[in-house]
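Here's the letter readout for the chains.
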Amino acid sequence: MTEDPYVTDDWHGRFAHLMLGDSCERLAELADGTADLSVHSPPFDDLFTYSNSDRDLGNSSSREQFLAHYRFVVAELFRLTKPGRVAAVHVMDVATRKSVQGVIGLSDFSGDVVRLYQSEGWTYVARVTVRKSPQAAAQRTKAHGLMFTQLHRDSSMTRPVHPDYLLVFRKPGENAVPVRSDVDNETWIEWAEAIWNGVRETYTLNHRPAREDNDEKHIAPLQLDLIERCVRLWSNVGETVLSPFGGVGSEPYMAVKLGRRAVSCELKRSYWETAVKNLSALEEELTAATLFEGFSVTGRSGTASPPGSAAITLAGGCPTIKGNTIVGGDVTGGGFGADRSVGMLVR
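Description of the structure in this document. All values derive from a computational prediction rather than experimental measurement.

1. Quick notes on the overall build of the protein chain
(1) Moving on: Along the backbone of the protein chain there are nine helices and 18 strands.
(2) Moving on: When each of the 347 residues of the protein chain is scored for burial, the buried share is 46%.
(3) Moving on: In the protein chain, the share of contacts with a sequence separation of at least 24, taken over all contacts with a separation of at least 6, comes to 65%.
(4) Moving on: On the protein chain, roughly 17500 Å² of surface is accessible, and the fraction owed to carbon and sulfur atoms is 53%.

Laid out in structure tokens, this is it:
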């Protein structure tokens with residue numbers, strides 16, 4: 001199998017910087033203390049193949065090789081994270097295979113990740129169990145231990161579903177800027193539990209455009225619900241969220257959607273290109289949404305009043321918005337200029 005060629009690239013949006021390339025190398029380009037929070041899901045050992053590149057952690061030949069490779073990323077995250085701030089890492093324990101390990105069981109992947117972070121100076125703070133549906137897992141993985149047939153034939157071989165975990169680490173030191181979360185008390189009662197319910201397994205970014213013909217049929221974007229909880233709990237609006245395994249852009253997408261800035265790095269071009277499309281579309285959406293924020297418009301002609309300024313008169317038919325452009329109608333007043341030739345509203 002031919003190895004994927006290694007290429008680098010960058011996309012700079014208004015609120016996000018998406019890097020294409022190897023995290024072990026490209027994160028070194030960022031300044032110390034760049035990140036207020038990092039959120040990511042690393043490849044789970046050699047469980048899945050994402051690309052043909054030797055640089056891909058998913059192509060490790062052993063757990064030891066994986067951890068040695070991942071260590072470079074963990075060390076860079078430590079350098080890039082501000083003191084007192086959090087790294088949130090999504091993992092799961094990895095099943096052993098009879099054809100490889102000689103037994104069907106479970107390996108302590110999450111524990112190995114904890115020990116790796118601790119060895120690089122991080123403080124291990126918490127482990128959150130993320131609930132998963134056993135029915136959905138049985139249908140997706142065809143695991144015998146979850147099947148009704150196994151339950152009724154020989155239940156000694158049944159097992160519970162393997163949950164996801166969110167491992168929470170904090171960089172030692174004093175947090176210079178307190179995080180003022182918008183999470184209310186009732187929500188915190190729910191999220192403060194060690195088991196997170198309500199994380200929708202299918203609430204993810206569309207990843208189909210990233211799939212290539214030679215993919216091993218596995219693209220698993222991190223659930224947006226889980227990312228949202230991390231961003232809202234452990235960062236302020238306007239701060240920077242970092243993901244060293246950007247994939248199709250799930251972490252930067254939710255960070256920007258929640259008013260933060262984002263930096264991510266992704267090795268595989270098709271994933272990175274999909275992330276660029278996702279973030280470009282989101283930034284256009286946010287720009288259009290804020291263009292008339294605070295305005296009220298009624299009828300085909302009337303007034304639109306931005307907070308703290310005089311009314312704007314709309315006449316000659318109700319205008320429509322395409323991106324940043326107002327199409328149709330005449331716009332006057334309100335301390336704004338209006339270029340009627342192109343319909344662009346200018347503050």
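2. Quick look at helix α2 (residues 63-80)
(1) Moving on: When the terminal C-alpha atoms of α2 are compared, their 25 Å separation across 18 residues agrees well with the 26 Å that a helix rising 1.5 Å per residue should span.
(2) Moving on: Taking the largest bend as the criterion, α2 deviates by roughly 30°, centred on Tyr70.

3. Focus on the nonpolar core
(1) Moving on: Formed by 37 residues in total, the largest nonpolar core has its most connected members in Leu18, Leu166, Trp196, Leu226, Trp234 and Leu279.
(2) Moving on: Counting residues per element, this core draws most heavily on helix α7 (residues 224-234), which supplies seven residues.
(3) Moving on: Filtering out sequence-adjacent residues up to four positions away, Leu226 remains in contact with His90, Val130, Leu166, Trp196 and Val199.
(4) Moving on: Core analysis: the next-biggest nonpolar cluster, separate from the first, contains 29 residues, Leu77, Val89, Tyr117 and Leu242 among them.

4. Points about the sheet that holds strand β9 (residues 195-196)
(1) Moving on: Taken together, nine strands build an open sheet; the order of strands is β1-β2-β11-β10-β3-β4-β8-β7-β9 and the sheet is mixed. The sheet is open, and its two edges are formed by β1 (9-12) and β9, each paired on a single side.
(2) Moving on: Where strand β4 (residues 81-92) meets strand β8 (residues 164-170), seven bridges bridge the pair, whose relative direction is antiparallel. Each residue of the ladder has a partner; that of Ala87, found in β8, is Phe169.
(3) Moving on: Packed onto the sheet, helix α3 (residues 109-119) meets β3 (35-40), β4, β7 (123-130) and β8 and runs at close to 165° relative to β4.

5. Focus: the environment of Val161
(1) Moving on: Within the fold, Val161 resides in the loop between α5 (148-153) and β8.
(2) Moving on: For Val161 and Gly145, which are 16 residues apart along the polypeptide, the C-alpha to C-alpha distance reads 8.5 Å.
(3) Moving on: Filtering out sequence-adjacent residues up to four positions away, Val161 remains in contact with Lys132, Ser133, Pro134, Ala137 and Leu146.

6. Quick word on the packing of aromatic side chains
(1) Moving on: Within this structure, the stated rule accounts for eight aromatic pairs.
(2) Moving on: Each ring, one from Phe66 and one from Tyr70, has its centre 5.6 Å from the other, and the planes form 40°; the classification is tilted. Highlighted residues: Phe66 and Tyr70, both in helix α2, separated by four residues, approximately one helical turn. The residues Phe66 and Tyr70 share a single accessibility class, namely buried.
(3) Moving on: Their ring planes at 85° and their centres at 5.5 Å tell us that Phe78 and Trp122 sit as a pair that is edge-to-face. Residue Phe78 is located in helix α2, and its partner Trp122 is located in the loop between α3 and β7; the two are separated by 44 residues in the primary sequence.
(4) Moving on: Its relative accessible area of 23% is what places Phe78 among the partly exposed residues.
(5) Moving on: Through successive ring pairs, a cluster of aromatic residues spans Phe66, Tyr70, Phe78, Phe109, Tyr117, Trp122, Tyr124, Phe169 and Phe245.

Definitions and limits used
Residues numbered from 1 in each chain as written. Predicted model: local features only at pLDDT ≥ 70, side-chain atom pairs only at ≥ 80, totals over all residues. Heavy atoms only, no water. Helix = DSSP H or I, 4+ residues; strand = E, 2+ residues; numbered from the N terminus. Buried < 20%, exposed > 50% of the residue type's maximum accessible area, 1.4 Å probe, protein only. Contact = heavy atoms within 4.5 Å. Areas by Shrake-Rupley, 256 points an atom, 1.4 Å probe, with all protein chains shown as cover. Expected span 1.5 Å × (residues − 1). Bend = angle between axes of the 7 residues up to and from the residue. Core = buried A, V, L, I, M, F, W, Y, C linked by side-chain atoms within 4.5 Å. Pairing = 2+ DSSP bridges. Axes fitted to C-alpha atoms, helices over the stretch in contact; angles between N-to-C directions. Phe/Tyr/Trp six-rings, centres within 6.5 Å; stacked < 30°, edge-to-face > 60°.

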